[in-house]
Amino acid sequence: MSFNNKKLITLDEFTIRQTRQFPNATGELSALLRDLSLACKMINKQVNKAGLVDIIGKYGATNIQGEEQMKLDIFSDEMLINVLRNSSECAGIASEENDDFVAFDDEYSVNSKYVVLFDPLDGSSNIDVNAPIGTIFSVYRRVSPLGQPCTLEDFQQPGTRQMAAGYIIYGSSTMLVYATKLGVNGFTLEPSIGEFCLSHPEMKCKENGKIYSLNQGNTCKLADSTKAFLEYCMQDDKENGLPLSHRYIGSMVADLHRTLIKGGIFMYPADKKNRNGKLRLMYECNPMAFIVEAAGGLASTGTQRILEVQPTELHQRVPIYIGSRNLVSKALEFVSATSELV
Ligand code: P6P
């Protein structure tokens with residue numbers, strides 16, 4: 001498709017081309033990605049208005065029309081559930097905003113092959129300071145028999161079993177980045193036509209990085225081995241490219257997007273307060289680990305590959321060290337050397 005004399009490849013065109021590479025592919029995963037992108041375009045519309053319609057208000061706040069105002073992350077959760085419930089490709093969802101998974105029990109959904117886990121609006125506490133926020137999603141093929149509602153086992157699969165994973169970042173531009181076993185590709189929303197268009201083909205995570213990213217305010221609570229790695233990052237050793245620069249936005253999608261584009265390491269380690277770290281395995285760490293590893297990076301809990309963690313509960317947390325392969329490997333020399341409890 002051409003637009004403004006530019007050759008544009010929309011998300012739909014791209015996924016159809018990818019499907020053609022697999023003669024037996026049915027296009028169901030492409031249709032699911034299309035549904036997810038639709039929900040995120042609608043979320044994007046509300047996020048962009050946030051400063052104008054007091055949408056960041058507490059539950060029950062009213063906007064300028066006097067309508068009952070939903071908190072933006074509840075709105076985003078509802079939007080994703082409604083779109084996926086009406087999709088013919090999704091049997092059910094699990095979300096940060098819902099204690100239990102939601103099985104769609106209509107006649108179409110019980111025969112759908114996939115389940116989706118998501119954090120509908122990660123980093124939403126940053127809305128009132130206009131910092132980038134995002135939606136994170138993870139797609140699994142269900143393991144329960146078709147024809148019946150999906151089960152908890154469909155959701156509690158290790159990250160290696162993901163069929164696709166991605167995020168939408170609502171920032172200076174709105175981008176959708178998703179990975180399958182074919183690789184990682186980024187699409188930027190062209191608002192005038194309402195289409196995500198290919199802008200970052202075949203994304204790769206740099207092997208080395210010059211940025212380390214964590215909430216430095218937690219240092220006093222960290223294990224000595226993690227503190228030792230931070231000391232390594234901050235030492236004055238120009239021959240080995242040190243010190244590194246510190247960047248931290250406090251929004252996982254934004255910090256990970258920078259790490260994917262520029263290289264570096266993002267960390268949310270275990271500490272005395274968060275003994276398993278803060279970030280959730282199933283809809284934050286696993287999808288991001290799938291994307292970064294598909295781009296050539298590494299993602300670890302400090303003692304094992306994130307994608308190989310066998311889930312035991314839907315909302316479990318794990319520590320995470322993720323990003324440029326060589327920098328994460330360096331971190332693991334420190335962290336796994338003394339995996340003392342904090
Ligand atoms: P802290 C946002 O609340 C979030 O879930 C992630 O997006 C982000 O990486 C992390 O928490 C920030 O946590 O403790 O540094 O504010």
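None of these values were measured; they are calculated from a predicted model.

Novice: Please set out the pairing of strand E10 (residues 195-200) residue by residue, giving values where relevant.
Specialist: Note that strand E9 (residues 183-190) and E10 share five bridges and pair antiparallel. Bridge assignment links threonine 188 to a residue of E10, and that residue is cysteine 197. Between E9 and E10, which pair antiparallel in sequence order, lie four residues; one of them, glycine 194, sits at a positive phi of approximately 65 degrees.

Novice: An account of the site of the ligand is needed here, citing residue identities and associated values.
Specialist: All residues adjacent to the ligand are Asp122, Gly123, Asn215, Tyr248, Gly250, Ser251, Met252, Phe266, Tyr268, Lys278, Leu279 and Glu284. The contact in question runs from an oxygen atom of the ligand to an N or O atom on the side chain of asparagine 215, over 3.0 Å. Within the side chain of lysine 278, a nitrogen or oxygen atom sits 2.9 Å from an oxygen atom of the ligand. Split into classes, the residues belonging to the shell around the ligand amount to five nonpolar, four polar and three charged.

Novice: Which residues make up the packing of aromatic side chains, and what values do they have?
Specialist: Per the counting criterion, the structure on display carries seven aromatic pairs. Ring geometry for phenylalanine 101 and phenylalanine 155: centres 5.1 Å apart, planes at 35 degrees, overall tilted. Of the two residues, phenylalanine 101 is situated in the loop between strand E3 (90-95) and strand E4 (102-103) and phenylalanine 155 in helix H4 (residues 152-155); the sequence distance between them amounts to 54 residues. The class for phenylalanine 155 is buried, based on a relative accessible area of 0%. Seen from their ring centres, phenylalanine 229 and phenylalanine 334 are 5.7 Å apart, and the 55 degrees between their planes marks the pair as tilted. Of the two residues, phenylalanine 229 is situated in helix H5 (residues 224-234) and phenylalanine 334 in helix H8 (residues 325-335); the sequence distance between them amounts to 105 residues. Classification of phenylalanine 334 by relative accessible area gives partly exposed; the value is 23%. Through a chain of ring-to-ring contacts, three or more aromatic side chains come together here, namely Phe14, Tyr178 and Phe187.

Novice: Provide a residue-level description of the domain arrangement of the protein, including the pertinent values.
Specialist: Along its sequence, the protein is organised into domain 1 (5-200) and domain 2 (211-335). Between domain 1 and domain 2, the C-alpha centre-to-centre distance is 24 Å. At the interface, 44 residues of domain 1 touch 30 residues of domain 2. Interface area, domain 1 with domain 2, both sides summed: about 2600 Å², of which 68% is carbon and sulfur. Contact with domain 2 buries area across many residues of domain 1, yet Ile136, Gln156 and Tyr167 alone supply 23% of it, more than any other trio. Where domain 1 touches domain 2, the interface holds one salt bridge. Where domain 1 packs against domain 2, one counts 11 residue pairs in polar contact (both at pLDDT 80 or more). Within the residue set of the side of domain 1 that touches domain 2, elements represented by two or more residues are E3, strand E5 (114-122), strand E6 (133-141), H4, strand E7 (162-170) and strand E8 (174-180). With eight residues, the single largest contributor to the side of domain 1 that touches domain 2 is E7.

Thresholds, definitions, all that
Residues numbered from 1 in each chain as written. Predicted model: local features only at pLDDT ≥ 70, side-chain atom pairs only at ≥ 80, totals over all residues. Heavy atoms only, no water. Pairing = 2+ DSSP bridges. Helix = DSSP H or I, 4+ residues; strand = E, 2+ residues; numbered from the N terminus. Near = heavy atom within 4 Å. Polar contact = N/O pair within 3.5 Å; in protein donor to acceptor, adjacent residues only side chain to side chain. Nonpolar A, V, L, I, M, F, W, Y, C, P; charged D, E, K, R; others polar. Phe/Tyr/Trp six-rings, centres within 6.5 Å; stacked < 30°, edge-to-face > 60°. Buried < 20%, exposed > 50% of the residue type's maximum accessible area, 1.4 Å probe, protein only. Domains from an automatic or database assignment. Contact = heavy atoms within 4.5 Å. Buried area = accessible area lost by both parts, 1.4 Å probe. Salt bridge = Lys/Arg side-chain N within 4 Å of Asp/Glu carboxyl O.

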